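Commentary on secondary and tertiary structure
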Amino acid sequence: MTNAFLSPPQPTQSRRGSTYRNRSPSTSSNTSLHSRWQPAPTSTKSSPRSPRPTTTITTLTPSLSTLPPRRKSSTSSVVSTASSSSTATTSTVNTSMTSPLSPAENVKVVVRCRPLTQKEFLNKSESCWTISREASRISLSPHGIQKRRETNKGRMIEHHFDNVFQGSDNTDLYQTSIHNLVNQAMEGYNATVFAYGQTASGKTYGNESEPGVIPRAVDDVFSYIRQTQTKEFVLRVSYLEIYNETIRDLLAPENDTLKIHEDKRRGIYVSPLTEEVVTSPVDVLSVIQKGEANRHISTTNYNLHSSRSHTIFQLVIESRERTSTSTALGPLSSHRASKYSSRVECMRISQLSLIDLAGSEKAASDQERRKEGAYINKSLLTLGTVISKLTESRRAPPSHIPFRDSKLTRILQPSLSGQAKVVVICTISPTANSLEESNNTLKFAARVKRIVVKAKNDEVPNDKALLQKYRGEIMELRSKLDTANNVLLQEKEHTQSMLSAERQQHEQQMRQMRLVRTALKERIDHLMRLILNSSTVPMPISPTYPNGNNGPDPSKALERGDSGPVENHGDPWQLVRELQRQLAQVNASKASTEKLLAESRRRNQELEKIVEDNKGLADKVANLEAELSITKAELQVTSILAQEGNTSD
Ligand SMILES: Nc1ncnc2c1ncn2[C@@H]1O[C@H](COP(=O)(O)OP(=O)(O)OP(=O)(O)O)[C@@H](O)[C@H]1O
């Protein structure tokens, strides 16, 4: 087996070479599968079970498009019957709850009264029940009415269900009640089938024999895959039993740590439970055979091969549209990358649960059987209580529903709470000895019929699609990052060269201004030195110049120009004022240049910030890449686990 998705057509492999039990010659056309249904040797021991001729349960779902015409409503009491098909037929009660996507519907209930066994026939027993297949009605026969009168319980009993059957033909039962449910499970709905009835009433017969529901459902699953060209599938199976309120993995009986868990993502589930990937009907039947060999079966006062446990056979169906999506992480154009990121491929995961309940029974003579019987009866009683609570007045708020009072009801909780399409096959024995038990079974059937379910058919993101989505996002971000980097680089270079030119120019201006300023200041100082006042004029020191000269004439010195760079021989005050004006201009110009420099610095900072933001984009890409590698690792682990599962077969 491989973990690959199954695509039609899938060649059958006989890896296990299984010979599951077989009954009478198959009436089915699926001879390849059913011919393997071998008669089992009689087992009289209690656990573990050796192959035996009867079995368990089945679960499936019908499709809206294939619904048969509406039949009649269920009589029994109150609720109208979403008769006929398990799907879209909704009673008046349901109508208000329907929606195009996931229509509300009642649990589908079918009843079968088995024929008299040889022993009963030899004892001249008569059937207490009259079946009208066409009217989907079961009622007391004249013999039954007489027997009820004898026990002062003379009320007439009559019920209508989705279908009623008698006799040994499983084909009619399967085609009418289960076939569509299997297809719906393949379409993505969770589906559950369970058989309910007193011990020796024919639950296992309906599931396994002739062939029964299970092998027919397995055939239908693979037929569906063969016929559905547009999808691919992965199938996994598990098989467990609830024996004396302990959950056992029938595919790994040594595993004794099974517990019921609940979380938001997976809902209620049993773990750690062996799951085997199957790729052919033979694979599935081999798994069932393996599980059956470990199941608790014993001889009781009432049944030679009595199931002493409830079993749940579960087929997990993963399906997705067939697409040629590449998983390569090659360079993609940004256009292609954005295409990937916008299209998230999804898959559907549904479960087909085939549940074989142990039958209710009166006290057995053997102590071990009595203990088993007590557990069986207690869990069936809890099941009855749960169903009563579920179908209490719709107007009153729901009272506490004791799902946790038994492992069976806890595991069935999602199905009974309306999250799956459900078919219940109720079986009754025809004889007067079983009259009251049969009546109780019919009452149970009528109550179950009132449960409304609204199964979902959600798509979940495919891990591989998720991987692809990450890849698309990364490619897209990388491409954006590259473009942004290029633009930024160009802008940065341009801005930096502009800024540097401006800076040089400003610096040059500053240098010149400093020179001018210095020159102006020097001239001002010099002029100031020429202006005399009382404090600057030196005291006369008895000048004695030869020839009676009184020394140099300052005005002459000014005229000669030997006191410094005096270009203007006019008013020195005016000259000073002029120079001071020029200095003020230089100062103003300097302030403006400093302002320009500050602006340059600000623009530079902005540029640095853009570069920093760009780094954030790079971080996002890095995160996505990390997430991608985690997802890839998870996929690898899943694939390794699947390969280990396959090789361990
Ligand atoms: N529809 C039927 N046609 C012919 N024989 C039947 C039919 N139903 C049941 N039987 C026979 O009746 C006997 C009891 O049936 P079966 O083992 O299926 O009962 P059960 O409800 O599974 O009992 P338990 O709860 O004890 O396991 C078997 O021998 C079986 O072959």
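- The name an unreviewed UniProt entry assigns to the chain is Kinesin-like protein, from the organism Syncephalastrum racemosum.
- Note on the chain: under the UniProt heading Sequence similarities (unreviewed entry), the record states "Belongs to the TRAFAC class myosin-kinesin ATPase superfamily. Kinesin family."

1. Some points on the UniProt feature "binding site: ATP" (unreviewed entry) in the chain
- UniProt records the feature "binding site: ATP" (unreviewed entry) for Gly197, Gln198, Thr199, Ala200, Ser201, Gly202, Lys203 and Thr204 in the present numbering.
- Checked against the element boundaries, Gly197 lands in strand S7 (residues 191-197).
- What Gly197 contacts, discounting residues up to four positions off in sequence, is Lys203, Gly359, Ser360, Thr427 and Thr441.
- Tracing the backbone shows Thr204 in helix H6 (residues 203-208).
- According to the relative accessible area criterion, Thr204 is buried, its value standing at 9%.

2. Quick notes on the nonpolar core
- Counting 47 residues, the largest nonpolar core has Trp129, Ile138, Phe161, Phe194 and Leu383 as its most contacted members.
- Top element by residues in this core is helix H12 (residues 435-448). It accounts for six residues.
- When residues no more than four places from it in sequence are discounted, the contact partners of Leu383 are Phe194, Tyr196, Leu357, Leu408, Thr409, Leu412, Leu416 and Phe444.
- Membership of the second largest hydrophobic core comes to 37 residues, among which are Ala185, Ala191, Phe222 and Leu250.

3. Here we look at the pairing of strand S3 (residues 129-132)
- Direction of pairing for S3 relative to strand S4 (residues 137-140): antiparallel, over a ladder of four bridges. Among the inter-strand pairings, Ser132 is bridged to a residue of S4, identified as Arg137.
- From the end of S3 to the start of S4, which pair antiparallel, there are four residues, and Ser136 there has a positive phi angle of about 50°.

4. Quick notes on the pairing of strand S16 (residues 346-356)
- For S7 and S16, the ladder comprises five bridges, and the chain directions are parallel. Residue pairing in the sheet places Ala191 in a bridge with Leu352 of S16.

5. Brief notes about helix H4 (residues 142-150)
- Looking only at H4, the buried set comprises His143, Gly144 and Arg148. Down the axis, H4 shows its buried residues gathered within 135° of arc, on one side only. Exposed side chains of H4 directed beyond 90 degrees from the buried face belong to Pro142 and Arg149.
- On its buried face, H4 sits against S4 and H12.
- Looking at the residues trailing H4, positive phi occurs at Asn152, about 55°.

6. A word on the sheet that holds S3
- Spatially, the three strands line up as an open sheet ordered S3-S4-S5, and their pairing is antiparallel. Both edges of this open sheet fall to S3 and strand S5 (158-160), since each of them pairs with a single strand only. Direction aside, the axes of adjacent strands within the sheet are offset by 15° on average.
- Judged from the three bridges that link them, S4 and S5 form a sheet pairing that is antiparallel. Following the sheet pairing, Arg137 is matched in S5 by His160.
- Contacts between H12 and the sheet are confined to S3, S4 and S5, with S3 contributing the most and set at about 35° to the helix.

7. A look at the pattern of salt bridges
- Under the counting rule described, the total for this entry stands at 17 salt bridges.
- Among the ionic pairs, Glu276 bridges to Lys290, the shortest N-O distance being 2.7 Å. Note that Glu276 is positioned in strand S12 (residues 276-278) and Lys290 in helix H8 (residues 281-293), a separation of 14 residues in sequence.
- One network of salt bridges, in which partners are shared, links Arg236, Glu275 and Glu318.

What counts, and at which threshold
- Residues numbered from 1 in each chain as written.
- Predicted model: local features only at pLDDT ≥ 70, side-chain atom pairs only at ≥ 80, totals over all residues.
- Heavy atoms only, no water.
- UniProt positions renumbered as here; feature names shortened; annotations may be inferred.
- Helix = DSSP H or I, 4+ residues; strand = E, 2+ residues; numbered from the N terminus.
- Contact = heavy atoms within 4.5 Å.
- Buried < 20%, exposed > 50% of the residue type's maximum accessible area, 1.4 Å probe, protein only.
- Core = buried A, V, L, I, M, F, W, Y, C linked by side-chain atoms within 4.5 Å.
- Pairing = 2+ DSSP bridges.
- Arc of directions from axis to C-beta.
- Axes fitted to C-alpha atoms, helices over the stretch in contact; angles between N-to-C directions.
- Salt bridge = Lys/Arg side-chain N within 4 Å of Asp/Glu carboxyl O.

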